[in-house]
Amino acid sequence: MRAAILHKTGQDTLDVREDVTAVGFREGTVRVRMRAASLCHSDLSAMSGVLPQPAPFVPGHEGAGDVLEVGEGVTGLAVGDRVVLCWMAPCGLCDHCRQDRGHLCIASLRRLGAPGFRIEEGGLTASGFYGTGAFAEEVVVCADAVIKVPADLPYEAAALIGCGVTTGIGAAVNTAKVEPGASVAVLGAGGVGVATVQGARVCGAGRITVVDPVASRRERALAFGATEAVAPEDLKAVAKKLPGGGFDYVFEAVGRAATVRAGYDAARRGGAVVVIGAGAQDDLAQFTMGELFFNEKRLLPSLYGGATVRRTIALVVDLWRAGRIDLDGMVTHRVALMDVNDAIAQMHSGEALRTVVTMG
Ligand SMILES: [Zn+2]
Ligand SMILES: [Zn+2]
């Protein structure tokens, strides 16, 4: 079958090959025929080495498809089920999982780099990014890494739900619990930022200010429910004019210490900064003890929607069905798996909100 391989960390293009096999099917796993996968910024971060993932690997962690084969001992899944991949599969047994915080289970990270694919030429094995590897026609993953979704949810929308949309909507609904009428700023108008805007709108935020350096991205965010869109250099002035001297909630959807800092400064005293962006291990965010204590601004990191992923995905599917969120509009580009490098170029250019890679 066909799959896109990153041979070495630091390379910026993928090698789309036809001599790849998904390996490791056994008890407790499922084989999935991928139908659509979308490119998330974290894929680029794994390719560049900002996020750890041993190479060679197959990127892609935001994907949807159909169950082809179910391993022994797997319950609740059947051949033909439509599923979304979950890149942080909960083990179900640890303290986090038992306390209904499966999104904090890091058991799957212990399998980081486990072989998921074999390349015929040279007989090399490759892992799947964060235990998935969605840029392949087929994947074998542990049963906890697939979440069943309704059969009428289009594959493209389902793929988006696998990471970015769940992350953004969950940050607003689960982590911040934005109240009706609240003032919200979203820093970064990429896929996660736009999903956060939609989450804040669902919560009834009174004001949703999107902040992004690119004018076309600002413009586009307005179509998803932002009430205003400004350039980063204007954030301070906008925040200052608000009652309380800042926003009730500032969402950082960029993944940089400097943006978190700008967000902290734009939050009102007693407000909250919700950190969603996946940043680097060595990028230090700085706050003084005096300001942390005196301002009582809360730092609220939000990982993968800030709650058990299965539940956040169910919520997102319900919102989609009720017409409360726009997933179709988030797909700005489509390419075939053969052309996955075009998707990477579009993401680098800042042009694409989400490019869906279709597997036919
Ligand atoms: Zn666990
Ligand atoms: Zn992602």
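The structure this text deals with has already been given above.
For the structure given in this document, a descriptive report is provided here. Quick caveat, the model's predicted, so the values are computed rather than measured.

Here we look at the pattern of salt bridges
Taken as a whole and judged by the stated rule, the model has 18 salt bridges. Between Asp-66 and Arg-35 there is a salt bridge, with its nearest N and O atoms 3.0 Å apart. Note that Asp-66 is positioned in strand E6 (residues 62-70) and Arg-35 in strand E4 (residues 29-38), a separation of 31 residues in sequence. The shortest N-O distance in the salt bridge between Glu-156 and Arg-334 comes to 2.7 Å. Of this pair, Glu-156 sits in helix H3 (residues 155-161) while Arg-334 sits in strand E18 (residues 331-336), placing them 178 residues apart in sequence. One salt-bridge network, held together by shared partners, links Asp-15, Arg-17, Asp-19 and Glu-121.

Some remarks on the coordination of the zinc ion (ligand 2)
Around the zinc ion (ligand 2), the protein supplies Cys-40 (SG), His-61 (NE2) and Cys-163 (SG) as donor atoms, at distances of 2.0 to 2.2 Å. In the primary structure, the donors to the zinc ion (ligand 2) are separated according to the pattern C-x20-H-x101-C. A residue pair is termed long-range when its members are at least 10 positions apart, and His-61 in the loop between strand E5 (57-58) and E6 and Cys-163 in the loop between H3 and helix H4 (164-176) qualify at 102 residues. Just as His-61 is buried, Cys-163 falls in that class too.

Here we look at the coordination of the zinc ion (ligand 1)
Coordination of the zinc ion (ligand 1) by the protein is provided by Cys-91 (SG), Cys-94 (SG), Cys-97 (SG) and Cys-105 (SG), with metal-donor distances spanning 2.3 to 2.4 Å. Classification of the site at the zinc ion (ligand 1) as tetrahedral follows from its 4 donor atoms and the range of 105 to 116° in their angles at the metal. Donor residues for the zinc ion (ligand 1) sit on one chain with the sequence pattern C-x2-C-x2-C-x7-C. Cys-91 sits in the partly exposed class, given a relative accessible area of 27%. You can call Cys-94 partly exposed: its relative accessible area is 22%.

What counts, and where the lines are drawn
Residues numbered from 1 in each chain as written. Chains lettered and ligands numbered in written order. Predicted model: local features only at pLDDT ≥ 70, side-chain atom pairs only at ≥ 80, totals over all residues. Heavy atoms only, no water. Salt bridge = Lys/Arg side-chain N within 4 Å of Asp/Glu carboxyl O. Helix = DSSP H or I, 4+ residues; strand = E, 2+ residues; numbered from the N terminus. Donors = N, O, S within 2.8 Å, 3.2 Å for Na, K, Ca; no water. Buried < 20%, exposed > 50% of the residue type's maximum accessible area, 1.4 Å probe, protein only. Tetrahedral: all angles 85-135°; square planar, octahedral: opposite > 155°, others 65-115°.

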